[in-house]
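Listed here are the chains, written in short residue letters.
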Amino acid sequence: TFVGGGAQSGIGTQLVMELSDTISGVITESQTGIYSMQNFYLEQGAMERIAEDTDRLNLRYFDVLFSRENMYRIEVGDGREGCSEAGYYLCAAVLIFLMLWGINGSIFLIERDEALTKILASSGMGVGIQMAGKVFAYLCLMMVSFFGISGFLILFSALTGFGIQELEKIIDMIRFAVAVLPVICCVAAMQCFLYSIVSSLTEGLLLNFIGTVGLGYLSGCFYPTYFFPQSVQTLAEFLPTGIAMKYLTQILCGFPTIEKMGLLLLYAGLFLGMAVMVKKRKMER
């Protein structure tokens, strides 16, 4: 007889309760099978074999139920795409750095008035061309900073031997740094859109910080997504930051990334298009 706790019981008690339910079902079904066999023998008048065959059936049940290779199945689902813990959080650090780096670009991207935009538009340079040029300049600025820091870290790793198992060779580090380009494009376009909907530096910095923390949390940058409910995990798969995080871990572990790369570039184009729409809307006021 097993007596368990109520709603406040811990994970250990819950596991024991699940195990006891399983054992109860096994005992009931095997007992039913043995009794059915004995009743059949009694109806057929085979009393001389009932004791021997009952023992044989019991042993048969033991062999089936307690065979070690059939008692359990191991499934590893840690949400890290097979990466090491250090590799996973390296990808998270890269994504968080790129998103927080937008604080530096706030002065460049936030416009308090649309006078210059209107002058350029009246001279034949449309809002789309202006926005594309701004994003391209901001993207170049992000790339210079990112590759500068990456170069320093690669040099530091080469001199000290400090690193992670997925990036043991210098060529692997360089390949990973170059592969971050689609993420940089997506983040740059997203920040350009976010800064286009605000008109003051304070609003922009606050929006960037809250967006970084919120999206980073939901996308598994602080905790792997398997810590969250299934609904949050499903949401993370559609967020641009969730796709970026998945892309980085797949790059690190050598998995195909064409689909995720396409989604990142699609999001970049979508953010750029929305930024242009917002800018046109502001010019009409």
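To be clear, the structure that these remarks concern was listed above.
Residues numbered from 1 in each chain as written. Predicted model: local features only at pLDDT ≥ 70, side-chain atom pairs only at ≥ 80, totals over all residues. Heavy atoms only, no water.

A. A look at the pattern of salt bridges. All told, the structure shown has three salt bridges when counted by the stated rule. Between Asp53 and Arg49 there is a salt bridge, with its nearest N and O atoms 3.3 Å apart. Of this pair, Asp53 and Arg49 both sit in helix α2 (residues 47-65), separated by four residues, roughly a single helical turn. Residue class for Asp53 comes out buried when judged on its relative accessible area of 9%. For Arg49, a relative accessible area of 43% gives the class partly exposed. Residue Arg56 is joined to Asp53 by a salt bridge in which the shortest nitrogen-to-oxygen separation is 3.4 Å. With Arg56 and Asp53 both in helix α2 and three residues apart, the pair spans about one turn of that helix. (Salt bridge = Lys/Arg side-chain N within 4 Å of Asp/Glu carboxyl O. Helix = DSSP H or I, 4+ residues; strand = E, 2+ residues; numbered from the N terminus. Buried < 20%, exposed > 50% of the residue type's maximum accessible area, 1.4 Å probe, protein only.)

B. Main features of the packing of helix α7 (residues 127-160) against helix α9 (residues 181-196). Running from amino to carboxyl end, α7 crosses α9 at an angle of 130°, the nearest separation of the two axes being 9 Å. Judged on the interaxial angle alone, α9 and α7 are oblique. For the pair α7 and α9, the sense of crossing is right-handed. Touching Met131, Val135, Tyr138, Leu139, Met142, Met143, Phe146 and Phe147 of α7 are Leu181, Ile184, Cys185, Val187, Ala188, Gln191 and Cys192, all from α9. A breakdown of the residues in the contact of α7 with α9 according to their chemical character gives 14 nonpolar, one polar and no charged. (Axes fitted to C-alpha atoms, helices over the stretch in contact; angles between N-to-C directions. Parallel < 35°, antiparallel > 145°, perpendicular 65-115°, else oblique. Left-handed = near helix turned anticlockwise from the far one by under 90°. Contact = heavy atoms within 4.5 Å. Nonpolar A, V, L, I, M, F, W, Y, C, P; charged D, E, K, R; others polar.)

C. Structural detail: a nonpolar patch on the surface. Among the surface-exposed residues, Leu100, Ile103, Leu205, Leu206, Phe209, Ile210, Val213, Tyr217, Phe222, Tyr223, Tyr226 and Phe227 lie close enough to one another that they form a single nonpolar patch of about 1100 Å² accessible area. Tallying contributions element by element places helix α10 (residues 201-218) first for the nonpolar patch, with six residues. Inspection of the secondary structure assignment puts Tyr217 in helix α10. (Patch = residues over 30% accessible without salt bridge, like charges linked within 9 Å, V, L, I, M, F, W, Y side chains within 5 Å. Areas by Shrake-Rupley, 256 points an atom, 1.4 Å probe, with all protein chains shown as cover.)

D. Geometry of helix α4 (residues 85-100). Taking 1.5 Å per residue, 16 residues should reach 22 Å; α4 reaches 22 Å between its end C-alpha atoms and fits that length. Taken together, the buried positions of α4 are Gly87, Tyr88, Cys91, Ala92, Val94, Leu95, Ile96, Leu98 and Met99. Residues of α4 that are buried in the fold lie against α7, α8 (170-179), α9, α10 and α12 (240-253). (Expected span 1.5 Å × (residues − 1).)

E. How the structure looks around α12. For α12, which comprises 14 residues, the first-to-last C-alpha distance of 20 Å matches the rise-based estimate of 20 Å (1.5 Å per residue) to within 8%. Listed in full, the buried residues belonging to α12 are Pro240, Thr241, Gly242, Ile243, Ala244, Met245, Tyr247, Leu248, Thr249, Gln250 and Leu252. Residues of α12 that are buried make contact with α4, α8, α9, α10, α11 (230-236) and α13 (258-283). Where α12 terminates, the next one or two residues include Gly254, which has phi positive at roughly 80°.

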